[in-house]
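# Geometric and topological summary
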Amino acid sequence: MAAEVLRLGVLGSGAGSNMQSILDAIDAGMLRAEIKVVLADVKDAKILDRARVRNIPCQWLDCAPYKTKLDGEAEQRCIQILREHGCDTVVLAGFMRIVKPPLLAAFPNRVLNIHPALLPSFPGLHGWTQALEYGAKVAGCTVHFVDAGTDTGPIIIQHAVPVLDDDTPETLHARIQVEEHKAYPEALRLLSEGRLSFRGRRVYIQ
Ligand code: GRF
């Protein structure tokens, strides 16, 4: 069966290295997808520069007055922009805000996130620091569908890395990011190939 070409809308706040890994996978022929638009809630986020270099439509999304969520008028604008660009899948790539039910309802089972920890351990901010401070011996990343909770949605794939005795938050995060850059394109490829199905909250891979 030919893979569906995913029409991605990317939301980010920072460096955009995960988006870059998705672009690289597309370029390498590993993922049938096109990034249609990139939105960032931080005006000078590097993710916007990465989009500009590739001539991908991109813009700053003013999310005021909210600081930690995408809500209200900004959310409506976001949905409208994603629709105008024909997106069918929303990729949260380092987007530091909680998304709310209206966005999820606009793209049912088509909003994905990457989290820098092995969920359900260490949800929320700085998952790698939480793992280190807790004393976990294994850390990693999780790609999951987004639901109305914080990092609670159905898990698609997880990649693990060891926590080393001399790790700092920075070295552990760097090791996790190497896996993130494999896991996100891989999860999107499974989605594009129609290989993901749900049983309850469990995601099965065919
Ligand atoms: C990643 O560690 C991701 O797991 C987390 O935020 C970071 C984003 O990095 N949600 P980047 O902007 O993709 O480089």
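Report on the accompanying structure. Quick caveat: nothing in here was measured; it's all calculated off a predicted structure.

Further remarks concern the packing of aromatic side chains. Following the criterion strictly, the structure yields two aromatic pairs and no others. Taking the centre distance of 5.1 Å and the plane angle of 45 degrees together, the rings of Phe-145 and Phe-198 count as tilted. Linking Phe-145 in strand S8 (residues 138-145) with Phe-198 in strand S10 (residues 196-199), this pair joins segments that are 53 residues apart in sequence. Among the residues examined, Phe-145 registers a relative accessible area of 4% and is labelled buried. Between Lys-43 and the ring centre of Trp-60, over which it is positioned, the NZ or CZ distance is 4.5 Å. The residue whose ring lies beneath Arg-199 is Tyr-204, and the NZ or CZ to ring-centre distance is 3.7 Å.

Time to look at the site of the ligand. With respect to spatial proximity, the complete set of residues near the ligand consists of Gly-14, Ala-15, Gly-16, Ser-17, Asn-18, Gly-94, Ile-114, His-115, Pro-116, His-173, Gln-177 and Glu-180. Ala-15 places a main-chain nitrogen or oxygen 3.3 Å from an oxygen atom of the ligand. A total of 370 Å² of accessible area belongs to the ligand in isolation, and the protein chains cover 87% of it. Per element, the largest residue contribution to the shell around the ligand is three residues, and it comes from helix H6 (residues 169-192). Residues belonging to the shell around the ligand are distributed by class as follows: three nonpolar, eight polar and one charged.

This part takes up the side chain of Thr-142. Take Thr-142: it is sitting in strand S8. Overall, the relative accessible area of 0% leaves Thr-142 in the buried class. Separated by 2.7 Å, the side chain of Thr-142 and the backbone oxygen of Ala-117 make a polar contact. In this structure the side chain of Thr-142 is engaged in a polar contact, spanning 2.9 Å, whose partner is the side chain of Gln-158. Excluding residues that lie within four positions of it along the chain, Thr-142 makes contacts with Asn-113, Ile-114, His-115, Ala-117, Leu-118, Leu-119, Ile-155, Ile-157 and Gln-158.

Definitions and cut-offs
Residues numbered from 1 in each chain as written. Predicted model: local features only at pLDDT ≥ 70, side-chain atom pairs only at ≥ 80, totals over all residues. Heavy atoms only, no water. Phe/Tyr/Trp six-rings, centres within 6.5 Å; stacked < 30°, edge-to-face > 60°. Helix = DSSP H or I, 4+ residues; strand = E, 2+ residues; numbered from the N terminus. Buried < 20%, exposed > 50% of the residue type's maximum accessible area, 1.4 Å probe, protein only. Lys NZ or Arg CZ within 6 Å of the ring centre and 35° of its normal. Near = heavy atom within 4 Å. Polar contact = N/O pair within 3.5 Å; in protein donor to acceptor, adjacent residues only side chain to side chain. Areas by Shrake-Rupley, 256 points an atom, 1.4 Å probe, with all protein chains shown as cover. Nonpolar A, V, L, I, M, F, W, Y, C, P; charged D, E, K, R; others polar. Contact = heavy atoms within 4.5 Å.

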